[in-house]
Amino acid sequence: MCGIIGILGKSDTTPKLVSALKRLEYRGYDSAGIALIGAEGMDIRRATGKLAELEAVLEAAPVSGLCGIGHTRWATHGAPTKANAHPHRAGPVAVVHNGIIENFRPLREELIAKGRVFLSETDSEVVAQLCADFLEQGLSPEAAVAASLARFEGAFALAYLFEGEDDLMIAARRGSPLAIGHGEGEMYIGSDAMALSGVTDRITYLDEGDWAVLHRNSYQVFDALGNPVNRPETKVNLEAMAVDKGNHRHFMTKEIFEQPSVMALALSRYLSPDHGAVHIPEGAPDFSRFDRLVLVACGTAFYACHVAKYWFEQIARIPVEIDVASEFRYRAPPIGPRDAVILVSQSGETADTLAALRYVKGKAGQVIAIINAPESSIAREADLALPIKAGVEVSVASSKAFTCQLAVFAVLAILAARQRGELDEQGEKSLIDKLVSVPRLMDEALKAEPAMIDAARELAKARDILFLGRGPLYPLALEGALKLKELSYIHAEGYASGELKHGPIALIDDLVPVICFAPVDALFDKTVSNMQEVMARGGKVLLVSDATGIKRAADGTWAQIEMPNCDPFIAPIVYAIPAQLLAYHTATEKGTDVDQPRNLAKSVTVE
Ligand code: G6P
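Residues numbered from 1 in each chain as written. Predicted model: local features only at pLDDT ≥ 70, side-chain atom pairs only at ≥ 80, totals over all residues. Heavy atoms only, no water.

S.K.: Just to check I follow, could you spell out the packing of aromatic side chains for this structure?
M.R.: Each aromatic ring pair is characterised by the separation of its centres together with the angle its planes make. Tallying each qualifying case throughout the model produces 11 aromatic pairs. Ring geometry for Phe-152 and Phe-156: centres 5.8 Å apart, planes at 75 degrees, overall edge-to-face. When its relative accessible area of 2% is taken as the criterion, Phe-156 is described as buried. Put simply, the rings of Phe-287, Phe-290, Phe-312 and Phe-409 touch in pairs and so form one group of aromatic residues. The positively charged end of Lys-50 is found above the aromatic ring belonging to Tyr-29, 5.1 Å away from the centroid. The ring of Trp-558 carries Lys-540 above its face, with NZ or CZ at 4.7 Å from the centroid. (Phe/Tyr/Trp six-rings, centres within 6.5 Å; stacked < 30°, edge-to-face > 60°. Buried < 20%, exposed > 50% of the residue type's maximum accessible area, 1.4 Å probe, protein only. Lys NZ or Arg CZ within 6 Å of the ring centre and 35° of its normal.)

So this is what it looks like as structure tokens:
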């Protein structure tokens, strides 16, 4: 899931390439590079590590040119070294690539046998080498790219630059996203509208299999069969893409603290003006038509599905299956017209989730997407796309997108319950009232931050941490552990409280903190028993509960974090706050890179 950018400009493009790469850094930050066609020919600058390293290289050895391509890398094939950094050059061709060329090995061997010399360990270099080979055979750049694309298996978004051609750029996509941007006498390509937001708000999204030949004043898109096609130009809302940290030290805290307001926005979008009923502006799905729901996603979005399973089953009495997209897509699950499939993705570009969508399309009764990026591939390919309205999420670890995904799921569960006769008008109103109180309760939960900072100071010393929860708080235990792992690099696991005694309890000693998410609900006493089992073995329990729960069960615990009293229906949304803030403060205590944790990327467009 690298980020790519290309510019055919009227003035030096170097600063524009670098600033576009800054907006793409969330896609990967193992290395970065640019290639430009300048007065002296083609020039390439590359550096390992974050973009700041490339900026230092450019300061020491400046380059300029009217057209150029750039790349920020999340390594798949080959370590994050300078040699493996993009752009890759072969003869007169420079290429940047996002995706994986799955058959690169046989192609590479074929080209080596012809005498071509490879300089990197990447799958991507084969793209440049194959194109250079076709050029040597006398093909034009357009024909060489078309011939190359026919040889590739796998997923790619590509941008090609050719020495001696300063008014030509060729772009192609299959599996990975790519958009053309239109300027005044300038033309751009980028991985997404965000990359292009510094230069234009006029975007043409390429469809699956498309490739395009770009000049400064014209362009032509071809479909996978090589037929010229027209793709619509859309205007994107640049204001919505403007992002800064405000008064916060990290995007992560800004996004955590934004949750009460974005949650209010997300909820009001899906409720009638008087907040008396669910209202889906895009047209409500009819859940009475379905016998089963299948919820599919990756990472944090998957845990939103996991919470939603409890809601749909308990409130709407509809069976729900959940799976991570990388498993779902390959296990050939039977899907039929009486199944509705809901795919959840913040970015709307996650490769496995997109592949799962394509698998169910045409099989399921309806394919619904819950997404944050409204122009994304998943949004465009679903039968019905429901935006979560979280606003741009920059921090690699998801926070506000998770709670807004939960908001959309909660309204869908209420809708399904109404349509299936499990809830009357009064019942609908009462659940909506609870949902409407969530922003206020999140605000209160955020006020418990000082207790979380204190706890995090101790957590930062641990090597292993366990999270426990029951019912819909079980997925929150999983999410709390995931957040902690990805932000602080401390090993953490989430368990259903009742599962503890079936193995994980063997890990308990006074060095392993156990964090219990335990609002007072029907299962509270059972969770307290599980906590007692931990404490009886010397374990240190951090109890996250409401005032009543803390009063009833704090005895013997190491620390407590008080959450507002909330109805069990909405507790999983409110308890997301301690799951996120505990991870955040443990990470800052350890001094890790909170917004860009090592080895991760925000948008995972490779399998
Ligand atoms: C990456 C991110 C996670 C995210 C997951 C799914 O792993 O680091 O925060 O939950 O991808 O992304 P999506 O865009 O599909 O929600």
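S.K.: Just to check I follow, could you spell out the sheet that holds strand S16 (residues 292–297) for this structure?
M.R.: The strands making up a sheet associate through hydrogen bonds between their backbones, and the pairing can be parallel or antiparallel. Taken in spatial order, the 5 strands line up as S17-S16-S18-S19-S20 in an open sheet, and their pairing is parallel. Looking at strand neighbours, the two that pair on one side only are strand S17 (320–324) and strand S20 (384–387), the edges of this open sheet. Pairs of neighbouring strands in the sheet enclose a mean axial angle of 20 degrees, with direction left out of account. As paired elements, S16 and S17 share 5 bridges and run parallel to each other. Looking across to S17, one finds that Val-296 is bridged to Asp-323. Packed onto the sheet, helix H12 (residues 351–360) meets S16, strand S18 (339–345) and strand S19 (366–371) and runs at close to 165 degrees relative to S18. This element, helix H14 (residues 400–419), spans S16, S18, S19 and S20 of the sheet and lies at about 160 degrees to S18. (Pairing = 2+ DSSP bridges. Helix = DSSP H or I, 4+ residues; strand = E, 2+ residues; numbered from the N terminus. Axes fitted to C-alpha atoms, helices over the stretch in contact; angles between N-to-C directions. Contact = heavy atoms within 4.5 Å.)

S.K.: Is there a simple way to explain unusual backbone geometry in this structure?
M.R.: With an omega of -5 degrees, the peptide bond running from His-86 to Pro-87 counts as cis. Structurally, Pro-87 is set in the loop between strand S4 (67–73) and strand S5 (88–90). Notably, His-275 is not glycine yet its phi reads approximately 60 degrees, a positive angle. In this structure, His-275 sits in the loop between helix H9 (259–269) and S16. Using a relative accessible area of 28% as the deciding quantity, one classes His-275 as partly exposed. Notably, Tyr-489 is not glycine yet its phi reads approximately 65 degrees, a positive angle. The residue Tyr-489 is located in the loop between helix H18 (474–488) and strand S22 (491–496) in this model. Residue classification places Tyr-489 among the partly exposed residues on the basis of a relative accessible area of 26%.

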